[in-house]
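Next come the chains, spelled out residue by residue.
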Amino acid sequence: MLNNSNSLEFIEKKPISRVELNSRVLSRRSFFKGSVGLAAAALAADTFILPVDAQWRFREYLPYDTAGDYHYGRYGKIEHHYPEMNPTGEKFTFVRLKYPGGDWYTNIVNHYHWQSDLQFSKVLAENTTIDVEVREHPQYVDIDDEGLFAYPFLYMTGHTGIRLSTQQVKKLRDYFERGGFLHVEDCDARLNNYRGGLRPHIYEMMRQVYPEKNFERLEMSHPIYRTLYDHDEYLGGDKRIPDITDYDEAIMDDDRVIVYFCPSDLNCAWEGRPCEPGGEEQRTWAFKQGINVVAYALTR
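Source: prediction; values computed, not measured.

## Quick notes on empty space enclosed by the protein
Here comes step 1: Space inside the largest cavity adds up to approximately 60 Å³.
Here comes step 2: Lining the largest cavity we find T93, F94, D117, L118, S121, E133, V134, R135, H137, P138 and Q139.
Here comes step 3: The leading source of residues in the lining of the largest cavity is helix α2 (residues 116-127), at 3 residues.

Put into structure tokens, the structure is as follows:
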């Protein structure tokens, strides 16, 4: 398990050259106002986006309390924030996407000793020169919130289905066209006879958003594995399974990744779960790769 006060050991920071951002990418340009330098420390309802036979999975897993403005359930609660009222401005906020149809809140209810998104945000802030806003609670944005476009980076995970309306599908495509980036994971690829819990639903979601695009396997030579940390070997999140979760996939826009799909579950490694088969070395890899993905998303 991670030590909350000093979760990982670090060595000297490594600079990366300044990268000019394309002015057409509105969300990222507003973030960094033209260019960015990064450095890292080395770490030690209308359209159903799922197969028909899985529609029974659709239900609200975490009820919402309108008076208290929070989600709650048997494992704890998640305080809400207001992205449309409090935009990120010049700071980077790790924001999770709340979507209808599944357990979007995995690993961030206050039941967990180390809420995964907060833990990663702290490591990101402490070990890079990215200006990270670390808040008291994990941050999320509803797919219907007006503030969705304030965030150039969104994170998404879960175990089950996704239910998007035609309007929501169009909004996601607009998000990508504006320069947005989605990091998505399957929280348990062992489900459904190793077909994955979220994986088939992510495939179907992206077929709706981009009918003309398919997921492509990412090779270890891709820049997303060496934005700040050089990775020549895939160690994965907390579940590395040969031929199933020992590689990542992506939706590309020309030569740029716009959707990064990780089936090995970095998020559970950040949350502190046992990492198999590689133990703490695998967990360290998961933190490093998460940082690589954020840095890639904000500078490409």
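## Let's talk about the sheet that holds strand β5 (residues 70-73)
Here comes step 1: Spatially, the 3 strands line up as an open sheet ordered β4-β5-β6, and their pairing is antiparallel. Each of the sheet's edge strands pairs with one partner strand only, and the pair in question is β4 (64-65) and β6 (76-79).
Here comes step 2: Alignment of β4 against β5, held across 2 bridges, turns out to be antiparallel. If you follow Y64 over to β5, its bridge partner there is H71.

## Some thoughts on unusual backbone geometry
Here comes step 1: Across the junction of E276 and P277, the peptide omega takes the value 10 degrees, indicating a cis bond.
Here comes step 2: If you trace the backbone, P277 turns up in the loop between α6 (266-271) and α7 (279-299).
Here comes step 3: Of note, the phi angle at D243 is positive, near 70 degrees, even though the residue is not glycine.
Here comes step 4: Along the polypeptide, D243 turns up in the loop between β12 (216-217) and β13 (249-253).

## Topic: the pattern of salt bridges
Here comes step 1: Evaluated as defined, the whole model comprises 17 salt bridges.
Here comes step 2: Between R96 and D117 there is a salt bridge whose closest N-O contact spans 2.8 Å. Placement of the pair is R96 in strand β7 (residues 95-98) and D117 in helix α2, with a sequence separation of 21 residues.
Here comes step 3: For D117, a relative accessible area of 1% gives the class buried.
Here comes step 4: Taken together, the shared-partner salt bridges in this structure form one network comprising R173, E177 and E212.

## Structural notes on the pairing of β5
Here comes step 1: Taking the residues that link successive antiparallel strands as the turn, the β4-β5 hairpin has 4 residues, and the phi of D69 there is positive, at about 55 degrees.
Here comes step 2: Sheet topology note: the β5/β6 ladder contains 4 bridges and is antiparallel. Residue Y72 lies in a different strand from β6, and its bridge partner there is K77.

## Some details on the packing of α2 against α7
Here comes step 1: Running from N to C, α2 and α7 point in directions that differ by 75 degrees, and their axes come no closer than 10 Å. As far as their axial angle goes, α7 and α2 are roughly perpendicular. Contacts between α2 and α7 involve Q119, F120, V123 and L124 from the former and F287, G290, I291 and V294 from the latter.
Here comes step 2: Looking at the contact of α2 with α7 residue by residue, the class counts come to 6 nonpolar, 2 polar and no charged.

## Examining the environment of F181
Here comes step 1: Note that F181 resides in strand β11 (residues 181-185).
Here comes step 2: Judged by relative accessible area, F181 falls into the buried class, the value being 0%.
Here comes step 3: Residues F181 and A297, spaced 116 residues apart in sequence, show a C-alpha to C-alpha distance of 6.1 Å.

## Let's talk about the side chain of D248
Here comes step 1: Among the structural elements, D248 can be located in the loop between β12 and β13.
Here comes step 2: A polar side-chain atom of D248 sits 2.5 Å from a polar atom in the side chain of Y234.

## With respect to the confidence of the model for the chain
Here comes step 1: Residues at a pLDDT of 70 or more form 74% of the chain, whose mean pLDDT is 78.
Here comes step 2: This model gives residues 10-37 a pLDDT under 50, and the stretch forms 78 contacts once residues within four places in sequence are excluded.
Here comes step 3: Here residues 45-59 is modelled with pLDDT under 50, and outside its nearest four sequence neighbours on either side it reaches 41 contacts, counting other chains as well.

## Considerations on the packing of aromatic side chains
Here comes step 1: By the definition in use, this model includes 19 aromatic pairs.
Here comes step 2: On the numbers, 5.9 Å between centres and 75 degrees between planes, the contact of F94 with W270 is edge-to-face. Residue F94 is found in the loop between β6 and β7, and its partner W270 is found in helix α6; the two are separated by 176 residues along the sequence. Like F94, the residue W270 is buried in the burial classification.
Here comes step 3: Ring centres of F176 and Y210 lie 6.1 Å apart, and the angle between their planes is 40 degrees; this geometry places the pair in the tilted category. In this pair, F176 is assigned in helix α3 (residues 166-177) and Y210 in the loop between α5 (199-209) and β12, connecting sequence segments 34 residues apart. Judged on exposure class, the residue F176 and its partner Y210 are both buried.
Here comes step 4: If you follow R178 out to its NZ or CZ, it ends over the ring of F149, 4.0 Å from the centre.
Here comes step 5: Sitting above the plane of the Y210 ring, K213 keeps its charged end 5.4 Å from the centroid.

## Some points on the packing of α3 against α5
Here comes step 1: At a minimum axis separation of 9 Å, α3 and α5 run at an interaxial angle of 80 degrees. Of the possible angle classes, the one that applies to α3 and α5 is roughly perpendicular. Contacts between α3 and α5 involve V169, L172, R173 and F176 from the former and M205, M206, Q208 and V209 from the latter.
Here comes step 2: Of the residues assigned to the contact of α3 with α5, the class counts are 6 nonpolar, 1 polar and 1 charged.

About the criteria used
- All residue numbers refer to positions counted from 1 along the written sequence of the respective chain.
- Two thresholds apply to this predicted model, a pLDDT of at least 70 for residue-level local features and 80 or more for giving and counting side-chain atom pairs, whereas whole-chain, interface and lining totals are computed over all residues.
- Side-chain metrics in this entry use all non-hydrogen atoms of the structure; hydrogen atoms and water are not considered.
- Residues are said to line a cavity or pocket when one of their atoms sits within 4 Å of a point; the points come from a 1 Å grid over protein atoms alone, cavities being sets where a 1.4 Å probe fits but cannot get out and pockets being open sets with protein on both sides within 12 Å along at least five of seven lines.
- Grid points are joined across faces, edges and corners, and a volume is the space filled by probe spheres set on the points.
- Strands here mean DSSP runs of E at least two residues long; helices mean DSSP runs of H or I at least four residues long; both are numbered from the N terminus.
- When DSSP finds two or more bridges between two strands, those strands count as paired.
- Salt bridge criterion: a side-chain nitrogen from Lys or Arg within 4 Å of a carboxyl oxygen from Asp or Glu.
- Exposure classes here rest on a 1.4 Å probe applied to the protein chains alone. A residue is buried below 20% of its type maximum, exposed above 50%, and partly exposed in between.
- Here, axes are lines fitted to C-alpha atoms. For helices the fit covers the stretch in contact, and angles between N-to-C directions go from 0 to 180 degrees.
- When describing relative orientation, an angle under 35 degrees is termed roughly parallel and one over 145 degrees roughly antiparallel, while 65 to 115 degrees is termed roughly perpendicular and anything else oblique.
- Any two residues having at least one pair of non-hydrogen atoms within 4.5 Å are treated as being in contact.
- Under the grouping applied here, Gly and all other residues not named as nonpolar or charged are polar, the nonpolar ones being Ala, Val, Leu, Ile, Met, Phe, Trp, Tyr, Cys and Pro and the charged ones Asp, Glu, Lys and Arg.
- Distance and chemistry together define a polar contact, namely a pair of N or O atoms within 3.5 Å, with one atom able to donate a hydrogen and the other to accept it when in protein, and with adjacent residues in sequence counting only for side-chain atoms on both sides.
- Every residue is assigned a pLDDT by the predictor, reflecting its confidence on a scale from 0 to 100.
- Stacked, tilted and edge-to-face are the three classes applied to pairs of Phe, Tyr and Trp rings, where Trp contributes its six-membered ring and a pair requires centres within 6.5 Å; stacked means planes under 30 degrees apart, edge-to-face means over 60, and tilted covers the rest.
- Two thresholds decide whether a charge sits over a ring: the Lys NZ or Arg CZ must be within 6 Å of the ring centre and within 35 degrees of the ring normal.

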